[in-house]
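Per-entry structural report
One-letter residues, chain by chain:
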Amino acid sequence: MTYKGMLLMALVSAPVLAQVDLVRVDKSQRQMELLEQGAVVRSYSVAFGANPQGHKQQEGDEKTPEGRYILDYTKEDSSFYRAMHIDYPNAQDRAAAAEHGVSPGGLIMVHGQRNGLGWLAPLTQWFNWTDGCIALTNDEMDEFMALVPVGTPIEIRW
């Protein structure tokens, strides 16, 4: 963990910080907001899949799902610096994919940079480079994981 990350963790553990109860993502603005009781407590510029407009329809379409989901578990052994899983696909997503005879895909995460390449974040965050996930810088991912408990809803829209 970087010095900034350790300092951030010390600050985040202070009781004055918010308990996030909703993560709101606006794909058209490339923004993620962390909310507590309707008030924005933190905002991030984020990167998405290479084809971000519209709802994820199938595996490999490089789209980030749209709708309301739950951040249901963390993953510390990811190919990316830390991750929190979004519970896509839900029953509606699976039914829509089945109707079209395709796989809905899965393993959609909020994550940091690819392992070993965190130093590229000032460049990579200008582009949509994931396969459908939501990417933050590594320092932002540390803050996100400290502020957002597992079980928090996430709303993703265009």
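In case you missed it, the structure is sitting above this.
The text that follows walks through the structure, step by step, so that each part is easy to find. (Residues numbered from 1 in each chain as written. Predicted model: local features only at pLDDT ≥ 70, side-chain atom pairs only at ≥ 80, totals over all residues. Heavy atoms only, no water.)

The next point concerns helix H4 (residues 138-147). Buried residues dominate H4, accounting for eight of its ten residues. If you check which residues of H4 are buried, you get Asn138, Glu140, Met141, Asp142, Glu143, Phe144, Met145 and Leu147. (Buried < 20%, exposed > 50% of the residue type's maximum accessible area, 1.4 Å probe, protein only. Helix = DSSP H or I, 4+ residues; strand = E, 2+ residues; numbered from the N terminus.)

The next point concerns a nonpolar patch on the surface. The grouping of Leu123, Trp126 and Phe127 at the surface amounts to a nonpolar patch, some 400 Å² of accessible area in total. Relative to the elements of secondary structure, Trp126 occurs in the loop between helix H3 (121-124) and strand E7 (134-135). Note on Trp126: relative accessible area 66%, which makes it exposed. (Patch = residues over 30% accessible without salt bridge, like charges linked within 9 Å, V, L, I, M, F, W, Y side chains within 5 Å. Areas by Shrake-Rupley, 256 points an atom, 1.4 Å probe, with all protein chains shown as cover. Salt bridge = Lys/Arg side-chain N within 4 Å of Asp/Glu carboxyl O.)

Bringing the layout of surface pockets into the picture now. Empty space within the largest pocket amounts to approximately 410 Å³. Lining the largest pocket are 21 residues; nearest its centre among them are Phe80, Gly106, Leu107, Asp131 and Cys133. Residues that form the lining of the largest pocket fall into these classes: seven nonpolar, eight polar and six charged. (1 Å grid on protein atoms, 1.4 Å probe; cavity = no way out; pocket = protein on both sides within 12 Å on 5 of 7 lines; lining within 4 Å. Points joined across faces, edges and corners; volume = space filled by probe spheres on them. Nonpolar A, V, L, I, M, F, W, Y, C, P; charged D, E, K, R; others polar.)

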